[in-house]
Amino acid sequence: DEPQSLTPRLVRQAFARQGVSVRFRMLPFARCMLEAEKGSVVACFNASRTAANEALFHWHPTPMFEEELAIFARRAAGAAAPSAPARQLGQADLRGHSVGLTVGYTYPTSLMTDPGIRREQATSDGNLLHMLAAGRVDYILVNALPAWYRLHSEPALQAQVQRVGRVRMDGFWLAFTRARPEGERLSRAFEQGLQAMQRSGEQQRLLGELRRQWEPAAAQKGRP
C-alpha cells in the first residue's frame, strides 16, 4: 500500500493539479536522499534545505509546510493522561541528557556540536518513539506532525510519551534529482501545483484537518 500521511497526500494533490500522476517508494530517509541524488528516484521528501545539500538537488521555492522540531519525553509513570508541561523546554535544556535523533535528518549545527548533549541515533522516527518509551534515551527530537501521525496509529505508545518543547521551526521540501533531466521540470510543476493549493486554501485545510485528527488536545494547548 502507498503511504497516506500528510506529505504523500499533499504531493499527490499538487502534482494532480498539473496533470502529473505519482508513484511512491517507501525508503529510509537517508537512503531516499541518496537514491534521489543518484537519480534512482525523481525526488525525496521530507527534506530540509541546508548549505550542505543546496547544490545537490533541484528545489521548488516554496516549502510544502513548516513544522516544529519538537522535544518529546516520556510521560510520568502513573499519570492519568498526557498533559502539557508547565514550562516548554528548549535546546539548552537538553544539555546533560541523552537525546535521540533520526539518522540522515538535518539538525541545528549548534545542537550537533554541543558537547553537553549525548546524541543517540535511530533509523526512523517510529524507532525513536519506541526508544524513548523504552527509556533508552531521556528525550528525542522529532518533527511534531509526523510524530503525531505515528502515535495516532499506536494509542498505547501515545500514552507513554508527550511533547515537552521545541528546538526550532523547520521547512520541508521535495528534493528533486539533478541526475535526470525531468528533475528540474517536475520541480517547477510541483511548485505551480503547490502555489495553486495555497491560493485555493486547500493546503491549509489539509494541514488543519490532519492536526485535528492526529494531535492530542493537550499538545494543542501546549504548542506555541
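Quick note: structure is the one above.
Residues numbered from 1 in each chain as written. Predicted model: local features only at pLDDT ≥ 70, side-chain atom pairs only at ≥ 80, totals over all residues. Heavy atoms only, no water.

(A) View of helix H4 (residues 125-133). Burial of H4 is extensive: 7 of the 9 residues sit out of reach of the surface. A positive phi of about 80° marks Gly135, the residue just after H4. (Buried < 20%, exposed > 50% of the residue type's maximum accessible area, 1.4 Å probe, protein only. Helix = DSSP H or I, 4+ residues; strand = E, 2+ residues; numbered from the N terminus.)

(B) Up close: unusual backbone geometry. With an omega dihedral of -5°, the bond running from Phe45 to Asn46 counts as a cis peptide bond. Residue position: Asn46 is located in strand E1 (residues 43-47).

(C) Representation of the state of the cysteines within the structure. Using the criterion set out here, one finds 1 disulfide in the structure. The side chain of Cys32 participates in a disulfide bridge whose partner is Cys44; the two sulfur atoms lie 2.1 Å from each other. Between Cys32 and Cys44, the S-S dihedral sits near 135°, and the bridge is therefore right-handed. Of the two residues, Cys32 is situated in helix H2 (residues 29-38) and Cys44 in strand E1; the sequence distance between them amounts to 12 residues. Across the pair, exposure class does not vary: Cys32 and Cys44 are buried alike. (Disulfide = S-S within 2.5 Å.)

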